[in-house]
Amino acid sequence: MNESDDHMIAGVSVPDTPLVGRAIEYARQRCEPYLFNHVVRSWLFAARIGQIQNIEHDSEVVAVGTLLHDITLNEHFAGPRRFEVEAADLARSFVREGGFDERRAQLIWDSVALNSTPSIGLYKEAEVAICTAGICLDVVGLQYSVIPAAEIAGIVGEFPRLQMKGRMTRCFCRIAEVSPETTYDNFARDFGERFVPGYKAPSSVDFVMNTPFEE
C-alpha cells in the first residue's frame, strides 16, 4: 500500500482499499448509527495515534480491526461466547474471504477479541495495540491527550457520539442479563453488578479454593 491508496476522513489520512470499503459497509449494516459512528471514530483515533507516535504498522489491518470490533454488540446478543470472541470469528472470516493471509487474519482476530482488554491488547503487535488504543480512547478516554483537542473535536463533529454512553450501557446490561456466564471474567461484570438486579458473579477466589486437588 502506498500514499496514493490513502484518502482523508474527518481530517485523518486513512487507507482507501476495496476491503476497507467493504468493511465500512459491513459495519454500517451490522451496527446501529451510534455504534457505527463509534467504530469509525475508533478507527480514526487509532490511525492518528499510530501516525503521531510514528508506529510502523499495517494500516489496512488497523482499519478493518477497528471497524469490525463491535459487530456483535447489540441488545439482541445472546452468546454463547463473549461478544468480542463472536465478533472476532466473523471479522476473521470476512478478511480471509477478502484475501488476507493467515498472519494478517490472526491480527484481525486478536484486535477484535482483545479490544476491551487493554491490559493485554496494548502490549501485543503494533496493529493490535493501535486498534486497542483507538477503541479505548473513544470508550474510556485512554490516552485522550495524545491527539490534539481540535482534531478530536473534528472527528466527533463528523461522527457524533449520539448518546453512546447510555446506549452502550444498555447493551452491556443486556449481555449481563441473558448471557451472564460470558461476563464473569471481564469488564461487563461491572455493569451487571451495578445495574442488573439479581446479577451475581462467582468469585475467582472460590474457584481457586475449590480446585479438586489435595494440598
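Below or above, wherever it landed, is the structure these notes cover. Just so you know, these numbers come straight off a predicted model, no measurement behind them. Per chain, residues are indexed from 1 in the order of the written sequence. With the structure being a predicted model, the display of local features is reserved for residues of pLDDT at least 70 and the display and counting of side-chain atom pairs for 80 or more, all residues being used for whole-chain, interface and lining totals. The side-chain values count all of the structure's non-hydrogen atoms but skip hydrogen atoms and water molecules.

Overview of the overall build of the protein
The secondary structure listing takes helices from DSSP runs of H or I that are at least 4 residues long and strands from runs of E that are at least 2 residues long, numbered from the N terminus. In terms of regular secondary structure, the protein is built from eleven helices and two strands. Each helix and strand of the protein, ordered N terminal to C terminal, gives the series β-β-α-α-α-α-α-α-α-α-α-α-α. To get the radius of gyration, use the C-alpha atoms; to get the globule rule, take the number of residues to the power 0.38 and multiply by 2.2 Å. Computed over the C-alpha atoms, the radius of gyration of the protein is 18 Å, within 12% of the 17 Å expected from 2.2 N^0.38 for a compact globule of 215 residues. Seen along its three principal axes, the alpha-carbon backbone of the protein occupies a region of about 60 × 35 × 30 Å. Any two residues having at least one pair of non-hydrogen atoms within 4.5 Å are treated as being in contact. Summarising the internal contacts of the protein: among those between residues at least 6 apart in sequence, 62% fall at separations of at least 24. About 10,900 Å² of surface is accessible on the protein, with carbon and sulfur atoms providing 53% of the total. Accessibility throughout is a Shrake-Rupley quantity obtained with a 1.4 Å probe, and a residue counts as covered only by protein chains that appear here.

So, the layout of surface pockets
Cavity and pocket criteria rest on a 1 Å grid covering protein atoms alone: a 1.4 Å probe that fits but cannot get out defines a cavity, protein on both sides within 12 Å along at least 5 of 7 lines defines an open pocket, and an atom within 4 Å of a point defines a lining residue. Grid points are joined across faces, edges and corners, and a volume is the space filled by probe spheres set on the points. What the largest pocket holds in volume is close to 380 Å³. Contributing to the lining of the largest pocket are 19 residues, with Val-139, Val-140, Met-168, Phe-172 and Phe-187 lying nearest its centre. Contributing elements (two or more residues each) for the lining of the largest pocket: helix H7 (126-140) and helix H9 (164-178). Classifying every residue of the lining of the largest pocket gives twelve nonpolar, five polar and two charged. Under the scheme applied, nonpolar residues are Ala, Val, Leu, Ile, Met, Phe, Trp, Tyr, Cys and Pro; charged residues are Asp, Glu, Lys and Arg; polar residues are all the others, including Gly.

Focus: the pattern of salt bridges
Opposite charge on two side chains permits them to pair, given that their charged atoms come into close proximity. For salt bridges, the criterion is a side-chain nitrogen of Lys or Arg within 4 Å of an Asp or Glu carboxyl oxygen. By the definition in use, this model includes 16 salt bridges. Between Glu-193 and Arg-189 there is a salt bridge, and its shortest N-O distance comes to 3.0 Å. Here the residue Glu-193 and the residue Arg-189 both occupy positions in helix H10 (residues 188-195), the gap between them amounting to four residues, near one helical turn. Judged by its relative accessible area of 46%, Glu-193 falls in the partly exposed class. Via salt bridges that share partners, Arg-81, Glu-86, Asp-89 and Arg-92 belong to a single interconnected network. Working definition: with a 1.4 Å probe on protein chains only, accessible area under 20% of the residue-type maximum means buried, over 50% means exposed, and in between means partly exposed.

A few points about the environment of Gly-157
Considering the arrangement of structural elements, one finds Gly-157 in helix H8 (residues 149-158). Residue classification places Gly-157 among the exposed positions, given a relative accessible area of 58%.

Concerning the nonpolar core
The nonpolar side chains of soluble globular proteins are, as a tendency, buried together. In this structure, Trp-43, Leu-44, Val-64 and Leu-68 are the most contacted members of the largest nonpolar core, which totals 55 residues. Top element by residues in this core is helix H2 (residues 33-52). It accounts for ten residues. The next biggest cluster of nonpolar side chains, apart from the first, holds five residues, and it includes Cys-173, Ala-176, Val-196 and Ala-201. What is meant by a nonpolar core is a set of buried Ala, Val, Leu, Ile, Met, Phe, Trp, Tyr and Cys residues, joined one to another through side-chain atoms within 4.5 Å.

Overview of the environment of Asp-101
Following the sequence through the fold, Asp-101 ends up in the loop between helix H4 (83-97) and helix H5 (102-113). The class of Asp-101 is partly exposed, set by a relative accessible area of 42%. Sequence separation between Asp-101 and Pro-180 is 79 residues; the distance between their C-alpha atoms is 35 Å. Looking at Asp-101, its side chain comes within polar contact range of the main-chain nitrogen of Arg-103, at 3.2 Å. Pairs of N or O atoms are called polar contacts if they sit within 3.5 Å, as long as, within protein, a hydrogen donor faces a hydrogen acceptor (for residues adjacent in sequence, only side-chain-to-side-chain pairs).

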